[in-house]
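Here is what each chain is made of, one letter per residue.
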Amino acid sequence: MASRNLPLRGAFNPSSAREGTNPGSFANPPAIGRPLSFSSPDTPGMPAPSNKTAWDFLPVGWSRSGAFATAPAGFTALTQLEHARLGVVTQEMRRVAEREPHLTPEQVRDEVGAGRAIIPANKVHLGFQLDPMAIGRATQTKINANMGASPVSSSTSEEVEKLHWSVRWGADTVMDLSTGGNLDECREAIVKNSKVPIGTVPIYSMIIGRKIEDLTESEIMKGLLHQAKQGVDYFTIHAGVLREHLPFVEKRLIGIVSRGGSLLAKWMLVHKKQNPMFTHFDEICDIMREYDVSFSLGDGLRPGGLADASDEAQLSELDTLGELTEKAWRKGCQVMVEGPGHVPFDQIEFNMKLQRTVCHGAPFYVLGPLVTDVFPGYDHITSCIGATAAAYHGASMLCYVTPKEHVGLPKKDDVKQGCIAYKIAAHAADVALGIPGSRDWDDALTKARAALNWDKHFELAFDTDTARAFHDEDLDVDTDFCAMCGHDWCSVRISKEIVEFTSGKADGFARERVMKSPALSPEQREILEKRGVLPAEELHRLASKTQSAVGVEKGNKAACHSDVVDGSRAQQIQEKLVQLRVKDSATAAED
Ligand code: SF4
């Protein structure tokens, strides 16, 4: 037999029981508490990790004393970062360690203190039902689901339902990106009903009913304070897009694709002034600190296509995000940094490791990235391929992408598909990185599969109903084979005959006895009925709902459709419609 030198570098084995024949992870040693906790080996040419952490950016008046720091007399710690710096293990840190048993509460504190992890937990939200969690390299990879009403679709109750639905399918945090309906009421309802941290992009709500160029600096501060008081756990703040970066965008194929980035770019061009989020960053920090709202430093210049990836605009903004990370740490705030977007597969590792250097290990929160641009309708797949690589090479949280990305507002099933794609990416990366126990679930399912224990197989499946429905579609009895290969060709059955292997079977299992499956539940039946496409009636229902929202008569195109009027007229009509809807909801609120 040929002998091989397997590239085992000392990572933890992801299986607690060390079962099976797999030798374990090929990643680097776990090194919790160091810059390279749970990291992939570098391919040649990757940037080295920063030799600085949040400890190098203590606020004025603070000093290091032993493992921790001393604050000026009379200081009161408000944020998780400040508590960690003073050596305090908070209740929230203990809860994180309970949820991530490979970490001790002290390790959680130390990762937060170094700025390599955050616990997004607004003190107001903690008063409702928030269950604290952490985002960082030493923890399991997290996923975020975006939701939010748009000017033409959805309502507060639908959004709260989407919140529960996203959490049901594994979202670790949810971002409310509403741009229509009653934004305030919707945000408040979402925070009150959520066990997971809620993020927002506050600038969206600030421009409802007004043009971006009319937005003043004091309104920005007022808006941020209002949302902090409502209990939002993290804000996307696009403070890294600077005036001097804008000329770099000219050569791009698709310009600025971030909503926040494009709005602020317009503000800067109209006013011929620097980004107000940048110039007022210190005051923003003061608001964030008071409520312990974490920063999610937005990537307003993220690439919107493969051709624009890793360009000067994106990387110049990243440098600024590194400086802002240092500033926020000096103000006692928790920080994560947002990243691209659309990135060819070969550039993902570099992008992750560059951020690790520039932002001194602050958690990286990435959108995908999509590794190809030509599969609209399937961008949950194009992006979860990139997300798996991103999580393996350095990202701590993955923002999901649904099949509706680029083409429409996600509906319930799109949210489910996006969440599942990203749970796959996050879990695959955790196993690869050797996070202890991360493969136990896979091993349990493998055993049930090997034993042809269908009940256990489906119970362990992430989406039990779909797995059971697919099985029973062709064969609704639990036999020692399934419809894919049939009895004579079932390799698992044949293997079992070679070595009698029933370790994962249910109690009372007898080979000769065929087990009848329980009948399909209504949910499982629905899955089979909806396979492939939405039924025509559902499509029409959704289409007519949108059409009535924009005031179009049945069978005709909307007055703002570009087949009917030219671009600028279409825009005027659309703006008017949005204003009208805002006025409607304001009047309704007064009523
Ligand atoms: S029939 Fe084929 S797919 Fe089904 S259990 Fe056997 S080997 Fe697996």
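For clarity, every value in this text was computed on a predicted model and none was experimentally measured.

Calculation rules
- Residues numbered from 1 in each chain as written.
- Predicted model: local features only at pLDDT ≥ 70, side-chain atom pairs only at ≥ 80, totals over all residues.
- Helix = DSSP H or I, 4+ residues; strand = E, 2+ residues; numbered from the N terminus.
- Buried ≥ 20, exposed ≤ 12 C-beta atoms within 10 Å, placed from the backbone.
- Contact = placed C-beta atoms within 7 Å.
- Near = placed C-beta within 6 Å.
- Nonpolar A, V, L, I, M, F, W, Y, C, P; charged D, E, K, R; others polar.
- Core = buried A, V, L, I, M, F, W, Y, C linked by C-beta atoms within 7 Å.
- Pairing = 2+ DSSP bridges.
- Axes fitted to C-alpha atoms, helices over the stretch in contact; angles between N-to-C directions.
- pLDDT = per-residue confidence, 0-100.
- Parallel < 35°, antiparallel > 145°, perpendicular 65-115°, else oblique.
- Left-handed = near helix turned anticlockwise from the far one by under 90°.
- Arc of directions from axis to C-beta.

*Asks:* Sorry if this is basic, but what is going on with the overall build of the protein chain here?
*Replies:* Check the secondary structure of the protein chain and you find 22 helices and 14 strands. Across the 591 residues that make up the protein chain, the buried fraction comes to 42%. Once local pairs closer than 6 in sequence are excluded, the contacts in the protein chain between residues at least 24 apart make up 72%.

*Asks:* Before we go on, may I ask you to explain the site of the ligand in this structure?
*Replies:* Within the structure, the ligand sits among F481, C482, M484, C485, C490, S491, V492 and R493. When the residues that make up the shell around the ligand are grouped by side-chain class, the tally is six nonpolar, one polar and one charged.

*Asks:* Can you help me understand the nonpolar core in this one?
*Replies:* Side chains that are nonpolar tend, in soluble globular proteins, to be buried together. By size, the foremost hydrophobic cluster in this structure holds 113 residues, and its most contacted members are V335, L398 and Y422. The dominant element in this core, judged by the number of residues it contributes, is helix 15 (residues 412-433), at ten residues. Those residues in contact with L398 that sit more than four places away from it in its chain are T141, I143, V366, A387, A390, A391, Y422, A425 and A426. Membership of the second largest hydrophobic core comes to five residues, among which are A448, A451, L452 and F458.

*Asks:* Please clarify how the sheet that holds strand 12 (residues 397-399) should be interpreted in this entry.
*Replies:* Two orientations exist for strands paired in a sheet by backbone hydrogen bonds: parallel and antiparallel. Reading around the circumference, 5-6-7-8-9-10-11-12 is the order of the eight strands in this closed barrel, with parallel pairing throughout. Strand-to-strand twist across the sheet, computed as the mean angle between neighbouring axes with direction ignored, equals 25°. Here strand 10 (residues 335-339) pairs with strand 11 (residues 364-367) via three bridges, running parallel. Its bridge partner being in strand 11, V337 is matched across the sheet by F364.

*Asks:* Please clarify how the confidence of the model for the protein chain should be interpreted in this entry.
*Replies:* Reading fine detail from the predicted coordinates is not recommended where pLDDT is low. In this model, the protein chain carries a mean pLDDT of 90, and residues with pLDDT of at least 70 account for 86%. Note on residues 580-591: pLDDT under 50 across the span, and seven contacts to partners over four residues away in sequence or across chains.

*Asks:* Sorry if this is basic, but what is going on with the packing of helix 5 (residues 156-168) against helix 15 here?
*Replies:* Two packed helices can be described by the angle between their axes and the distance between those axes. Packing of helix 5 against helix 15 brings their axes to within 9 Å, and their N-to-C directions diverge by 30°. With respect to each other, helix 5 and helix 15 are oriented roughly parallel. Taken as a pair, helix 5 and helix 15 cross one another with a handedness that is right-handed. Between helix 5 and helix 15, the residues in contact are K162, W165 and S166 and K412, V415, K416 and C419, respectively. A per-class count over the contact of helix 5 with helix 15 returns three nonpolar, one polar and three charged.

*Asks:* Looking at this structure, I do not really get the pairing of strand 6 (residues 173-176). What am I missing?
*Replies:* For a regular strand, side chains alternate in direction, first toward one face of the sheet and then toward the other. Judged by which residues are buried, strand 6 turns out to be covered on both faces: T173 and M175 on one side and V174 and D176 on the other are all buried. Both strand 5 (residues 142-147) and strand 6 contribute to a ladder of four bridges, which runs parallel. Its bridge partner being in strand 6, N146 is matched across the sheet by M175. Note: strand 6 against strand 7 (residues 198-200), three bridges, orientation parallel. Bridge pairing in strand 7 places D176 opposite T200.

*Asks:* Any chance you could explain unusual backbone geometry here in plain terms?
*Replies:* Cis geometry marks the peptide bond from P340 to G341; its omega dihedral reads 0°. Along the chain, G341 falls in the loop between strand 10 and helix 13 (348-358). Looking along the chain, the bond that leaves G368 and enters P369 is cis, with omega of 5°. When you line up the elements, P369 lands in the loop between strand 11 and helix 14 (379-393). At H360, a residue that is not glycine, the phi angle is positive and equals roughly 55°. The backbone phi angle of H406 is positive, close to 75°, even though this residue is not glycine.

*Asks:* In this structure, what is going on with the environment of G87? I would like to understand it.
*Replies:* Summarising the element assignment, G87 is placed in the loop between helix 1 (80-85) and helix 2 (91-99). Along the sequence, G87 and T70 sit 17 residues apart, while their C-alpha atoms lie 9.4 Å from each other. Among residues more than four places away in sequence, those in contact with G87 are A67 and F68.

*Asks:* Looking at this model, I keep getting lost on helix 2. Mind explaining?
*Replies:* Turn by turn, an α-helix covers 3.6 residues, leaving residues three or four places apart pointing in a common direction. When we look at burial in helix 2, the residues that qualify are E92, M93 and V96. The buried side chains of helix 2 occupy one side of the element, clustering within an arc of 100° when seen end-on. Exposed positions of helix 2 whose direction lies more than 90 degrees from the buried face are Q91 and E98. Where helix 2 is buried, its residues contact helix 1 and helix 3 (105-113).

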